[in-house]
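Chain by chain, the residues:
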Amino acid sequence: MPPPEWLYSPWLLAVLGLAIGSFLNVVIHRLPLILERQWKADSADMLGLPAPSDDTDRPMTLSRPRSHCPACKQPIPWTSNIPLISYLVLRGRCGACGVSIPLRYPLVEVLCALLFALVAWRFGAQPVALLWCGFVAALVALAGIDWDTTLLPDDITLPLLWAGLIAAALGWTIPLSQALWGAVAGYLSLWSVYWLFKLATGKEGMGYGDFKLLAALGAWLGASMIVPIVLAASVFGAVVGIGMKFANSLREGRYVPFGPFLAAAGIAIVLLGEPRVLGWLGWA
């Protein structure tokens, strides 16, 4: 007997999105730190040096240590860690020391709730909506990490790529041949741009993580969506970059990471649907 349709309603998935958004805040903050510690330990091991003491004394995972205030170091009780509600009740401040909580935390939670509800609206009351919610959640995490660190970790991009291929093989998304060639086209397109730019200027215009992310998007959406994704990401990036330039908020080196805009374009195309996107471009 299939699960009742109300399990995939926009309202229920929005509540799920709040909870997943809270977890994604942890992933966005901690995963780069975990990877940095791992790289330091690997480098020390290769050089025959002792592991950095600050890393070994305080091991970190996505679940340990408990969430705590970065200012006063007090652990956050579960009553103060309820997605969005706790932020509103505490008026955006730590319950122990009163320091302001960054606005980004509730924004990520609300964004996930909204996107999960839109996915439910887009795909209807069926289990495949949960699959696409997972896709969206991975992209939100990658966008947040890349924006903060200019890093698109393999720990997320490669599982996302394989998940897209497996979902296609199981008949849950697009035909497997489209997923396979989408992954190939996604990787090679940005790889080619990277090398053309490097040969012409001697500089690196993007990182390999961007290739892998676009390959993952191709595995989920197909080769026909690679050009629309890159076009939309370029427009999003140009608008944000120009706005940051006028606001004098460009970071050192005057660059803007491309991964968040690839992620935003992928999410937008999922929600709009391939026929509408191709129709707008006149390719239908």
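Quick note: structure is the one above.
These numbers were taken from a predicted model, which means no experiment stands behind them.

Let us look at unusual backbone geometry. Arginine 64 connects to proline 65 through a cis peptide bond whose omega is -5 degrees. Within the secondary structure, proline 65 is located in the loop between helix H2 (53–57) and helix H3 (85–89). A positive phi angle, close to 65 degrees, is found at leucine 84, a residue other than glycine. When you line up the elements, leucine 84 lands in the loop between H2 and H3.

The gaps left among the atoms become clear once a water-sized probe is rolled over them. Its boundaries defined by the atoms lining it, the largest pocket holds a volume of some 1,100 Å³. At the level of secondary structure, the elements contributing two or more residues to the lining of the largest pocket comprise helix H1 (10–47), H3 and helix H4 (104–123). If you tally residues by element for the lining of the largest pocket, the top one is H1, at 9 residues. Its residues assigned to classes, the lining of the largest pocket comprises 26 nonpolar, 11 polar and 6 charged. Roughly 520 Å³ of internal volume is contained in the second largest pocket. As for the second largest pocket, its lining consists of 23 residues, and the residues nearest its centre are Thr150, Gly205, Met206, Gly207 and Asp210.

Positionally, glutamate 109 belongs in helix H4. Once residues within four sequence positions are removed from consideration, glutamate 109 is found in contact with Gly17, Leu18, Gly21, Ser22, Asn25, Pro83 and Leu84.

Each value, and the rule that gives it
Counting of residues starts from 1 at the beginning of each chain's written sequence and follows it residue by residue. For this predicted model, a pLDDT threshold of at least 70 governs which residues receive local features, and a threshold of 80 or more governs which side-chain atom pairs are given and counted, while totals over whole chains, interfaces and linings are taken from all residues. Hydrogens and waters are ignored; side-chain quantities use all the structure's heavy atoms. Secondary structure is summarised from DSSP: a helix means a run of H or I of at least four residues, a strand means a run of E of at least two, and numbering begins at the N terminus for each. A pocket, in this scheme, is an open set of points on a 1 Å grid over the protein atoms alone with protein on both sides within 12 Å along at least 5 of 7 lines, while a cavity is a set where a 1.4 Å probe fits but cannot get out; residues line either one if an atom lies within 4 Å of a point. Grid points are joined across faces, edges and corners, and a volume is the space filled by probe spheres set on the points. Residue polarity follows a fixed list, in which Ala, Val, Leu, Ile, Met, Phe, Trp, Tyr, Cys and Pro are nonpolar, Asp, Glu, Lys and Arg are charged, and the others, Gly among them, are polar. By definition, residues are in contact when any of their heavy atoms lie within 4.5 Å.

In short, geometric facts, not functional conclusions.
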